[in-house]
Every structure is written in structure tokens, then in C-alpha cells.
Amino acid sequence: MRMKIIGTGSALPRTRVDNGQMAEWVDTTDAWIRERTGIGERRLSTGETVVSLGTEACLKALEQAGIGAEEVDLILLATCTPEYLFPCGACQIQAAIGAVHAAAYDINAACSGFVFGLNAAQAYIRAGVYRRILVVGSEVLSKVADWSDRSTCVLFGDGAGAVLAQAREDGESRMLSSIQGADGTKGMVLNCRSRMMMNPLFQENPEEADTMYLTMDGREVYCFAVRQVAVCIAQVLEKAGLTPEEVGLFILHQANVRIIEAVARNLGVDIGRFPMNLERVGNMSSASIPVLLDELNREGRLHRGDRIVLSGFGGGLTYGACVLVW
């Protein structure tokens, strides 16, 4: 069996927040943010949730594919910002869209989550376990951002993207190769704490309760991404028997324009083959790749037989890539 993506969808919060408005909240400027990140604006939730955004993205993917929710076998939700520890967000999406026959669970590989989910979908389909799988990346990062830290809060946006993957016995469209990995020894350079231990036998320092927001060592994350992503992409292309010149588009996690430019240089590939939307939406973690993929698909920039590379990298530290024939 081969995995073919037959539908894409995305959803963004209604509210746009540009760099000028950010400068009203923290000590920053439009020029400072653009120079260091390439971001001009982002979408921030005014009530939209991981589940509501993910639900909208899934419904759009199903509509494009012409498939009813009751025909879906599995829902994989990549997220690191769920509303609940349980029930998982994937189960909530299952209920919201009426996917009554689908199994569902969440994946947390942070910014690599969507690629990890797509690789899992490929494995399920090749093994003959499931035929139709929704893979979703949905994040509301604004609720874990420290809005007093100008070095991090300016980076992130909220949103969701989804694809419907289906088993096909023939045809050119398929996943050619995939790779994923992690370096947990450096995981704390990008972290966000969960609930503290406060049981009758042991209590952590309650003064730390006010610091349970996302923190990042930007230099360490940048160095990791620039080094590891180029290596990861080279490896996945080698597995597929392809050279960078044979790839149409490289669709990377939209973390920072300088990271993407550095990866392009390291691979010797023209930056024009690395589409970007972070100027408009910022860093959406696991949602960034599927949102960009949906935009490219609906703009008619993906054609049958195109070879594309998807690559995610981020918290964990995690990284992953896959090569698709569209």
C-alpha cells in the first residue's frame, strides 16, 4: 500500500497582530523583529482553541477530498499546547467532526510533530492497519508564551493545518522515504513546564508556578536547526535516491527566516525553492508545515508528480523529514 495525500485544510484565528501592536506590549520594534526573524505579523487566539482550529482544518481537508468523516479510520493530532491532558485533543476532534469509526490520539514532538504524525500514518497504511488517516497539527502557543519576554513572545502564532492521507495500491503519488530523530540531551534549551507536583507527600517550590511559560535559548536552537536540518534532509534524500536538484519544493517548519536561508545555503539550493509564510503567521510549531502545505496546494503550486521535502525541527530536541511525490 502507498500513502497519498488527497485533501488539505487549514485554519487561523481571526485576529491579526502586527509588529507595531507587539511594540505596544513589549520593548521591541518592527525593524528588530523583522531583522532577526522575518516575521511581520501573526494570528493570535481570541477564544479559538487547539480543538476548534484543528476541527476546522480537518473539515476543510475532508471537503477537498470528498470523503465523509465517518470514513476516517484514525486521527493523529500533533500538538504541544492541548487544552486538556485528557481527553486528548484528537478524541475531541473526532467527536466534533463525527468520525465515529476512527481511533484517535495525540503526538507531542513539538515543532516536528506533524512530520512525525505523517511518518506514523505512512507506517499504518503500509502495514495495512488503516486506510484513511487525518494528520493534524494544531497549536495555540499564545497561551504558553511569556508576554514579558520580547525574545520569545514575538515569534509565535496560533493556527492549525491538516491532511487526509489515503491508502492507494497504485499510482505515482507516495512517500519515498522518511527519517526522524531526537537529541534529548539538549531538550531543555526549549522547554515549557507542565503542572507542578503538589501532592500531600511532596510539593515543589510554589514560587515557580508563575514561571511555567515557554523558555528558549535562541542561540542553541538556531545552531541545532541550521546544523541538523541540512543533515536530516541530505539523509532522507539519499534514502530516496534523489539529489537536491530533483526536488521541487522544500517545505520547512517556519521558525525563522535566517534558519531557512542557512539550510538552503548548506544544501546548495536556491532559496526560491523554500516557500515561506512566516512573515504573515509567525512560528506555529506543529501547525506550520501543514498550514503552508495547504496554502501551496490551494494556490495551485503543487502538481501531480512533484517531489517535495517536508522537514520539521524543534523542541525535544526533535527533527524529522520525508520525501513525497505529490
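Rules of the game
- Residues numbered from 1 in each chain as written.
- Predicted model: local features only at pLDDT ≥ 70, side-chain atom pairs only at ≥ 80, totals over all residues.
- Heavy atoms only, no water.
- Axes fitted to C-alpha atoms, helices over the stretch in contact; angles between N-to-C directions.
- Helix = DSSP H or I, 4+ residues; strand = E, 2+ residues; numbered from the N terminus.
- Parallel < 35°, antiparallel > 145°, perpendicular 65-115°, else oblique.
- Left-handed = near helix turned anticlockwise from the far one by under 90°.
- Contact = heavy atoms within 4.5 Å.
- Nonpolar A, V, L, I, M, F, W, Y, C, P; charged D, E, K, R; others polar.
- Core = buried A, V, L, I, M, F, W, Y, C linked by side-chain atoms within 4.5 Å.
- Buried < 20%, exposed > 50% of the residue type's maximum accessible area, 1.4 Å probe, protein only.
- Pairing = 2+ DSSP bridges.
- Right-handed = clockwise from strand over helix to strand, strands pointing away.
- Phe/Tyr/Trp six-rings, centres within 6.5 Å; stacked < 30°, edge-to-face > 60°.
- Lys NZ or Arg CZ within 6 Å of the ring centre and 35° of its normal.
- Expected span 1.5 Å × (residues − 1).

Chemist: Where do I start with the packing of helix H3 (residues 50-65) against helix H4 (residues 89-97) in this structure?
Modeler: Two quantities define a packed helix pair, namely the angle between the helix axes and the distance between the axes. Running from amino to carboxyl end, H3 crosses H4 at an angle of 55°, the nearest separation of the two axes being 9 Å. Taken together, the axis directions place H3 and H4 in an arrangement best described as oblique. Both H3 and H4 take part in a crossing whose hand is right-handed. Residues Val 51, Gly 54, Thr 55, Cys 58, Leu 59 and Leu 62 of H3 touch H4, and the partners they reach there are Gly 89, Gln 92, Ile 93, Ala 96 and Ile 97. Of the residues in the contact of H3 with H4, the class split is seven nonpolar, four polar and no charged.

Chemist: Even after reading the chapter, I still don't get the nonpolar core, so can you show me in this structure?
Modeler: Across soluble globular proteins, nonpolar side chains show a tendency to be buried alongside one another. In this structure, Ile 233, Phe 250 and Phe 274 are the most contacted members of the largest nonpolar core, which totals 49 residues. Elements that contribute at least two residues to this core include exactly helix H2 (30-37), helix H7 (218-240), strand E13 (249-252), helix H8 (257-267), strand E14 (307-314) and strand E15 (318-325). Not counting residues within four places of it along the chain, the set of residues in contact with Phe 250 comprises Ile 233, Leu 237, Pro 244, Leu 267, Val 269, Arg 273, Phe 274, Pro 275 and Val 309. Of all hydrophobic cores here, the second largest spans 31 residues; its members include Ala 109, Val 115, Val 135 and Cys 322.

Chemist: What should I look at first to understand the pairing of strand E5 (residues 103-107) in this one?
Modeler: Looking down a regular strand, the side chains alternate between one sheet face and the other. With five bridges joining them, strand E4 (residues 74-78) and E5 adopt parallel strand pairing. Paired with Leu 74 across the strands is Ala 103, a residue of E5. What joins E4 to E5 is H4, and the crossover it makes is right-handed.

Chemist: What's the story with the sheet that holds E4 in this structure? I'm lost.
Modeler: Pairing between the strands of a sheet comes from backbone hydrogen bonds, and it takes one of two forms, parallel or antiparallel. The strand order across the open sheet built from five strands is E1-E7-E6-E4-E5, with neighbouring strands paired in mixed fashion. Here the strands that pair on one side only, and so sit at the sheet edges, are strand E1 (2-11) and E5. Across the sheet, the axes of successive neighbouring strands diverge by a mean angle of 20°, strand direction being ignored. Summarising the sheet, E1 and strand E7 (residues 158-168) pair through nine bridges and their orientation is antiparallel. Note that in E7 the partner of Gly 7 across the bridge is Leu 164. Set on the sheet, H3 makes contact with E1, E4, strand E6 (132-140) and E7; between it and E1 the angle comes to about 125°. Contacting E1, E4, E5, E6 and E7, helix H5 (residues 113-126) runs over the sheet at an angle of about 170° to E6.

Chemist: Just checking my understanding: could you explain the packing of aromatic side chains for this structure?
Modeler: By convention here, two paired aromatic rings are described through the distance between centres and the angle between planes. Applying the stated criterion across every chain, the model contains four aromatic pairs. Residues Phe 250 and Phe 274 carry aromatic rings whose centres are separated by 4.8 Å and whose planes lie at 10° to one another, so their mutual orientation is stacked. Here Phe 250 is found in strand E13, whereas its partner Phe 274 is found in the loop between H8 and helix H9 (278-281), with 24 residues between them in sequence. With respect to class, Phe 250 is no different from Phe 274; both count as buried. Seen from the ring of Trp 32, Arg 150 lies directly overhead, with NZ or CZ sitting 4.4 Å from the centre.

Chemist: Please clarify how H3 should be interpreted in this entry.
Modeler: Between the first and last C-alpha of H3 there are 22 Å, a value that for 16 residues agrees with the 22 Å anticipated at 1.5 Å per step. Taken residue by residue, H3 has Val 50, Val 51, Leu 53, Gly 54, Thr 55, Ala 57, Cys 58, Ala 61 and Leu 62 as its buried positions. Of the surrounding elements, those touching the buried residues of H3 are E1, E4, H4, E6 and E7.

Chemist: Looking at this structure, how should I read the sheet that holds E13?
Modeler: Across the sheet, four strands lie side by side as E8-E15-E14-E13; this open sheet has mixed pairing. The outermost strands of the open sheet, each flanked by one partner alone, are strand E8 (174-182) and E13. Averaged over all adjacent pairs, the angle separating strand axes in this sheet is 15°, with direction ignored. In the sheet, E14 pairs with E15 via eight bridges, with the strands oriented antiparallel. Within the sheet, the bridge partner assigned to Ser 311 lies in E15 and is Ala 321. Where helix H10 (residues 288-298) meets the sheet, it contacts E13 and E14, and its direction lies at approximately 145° from that of E13.

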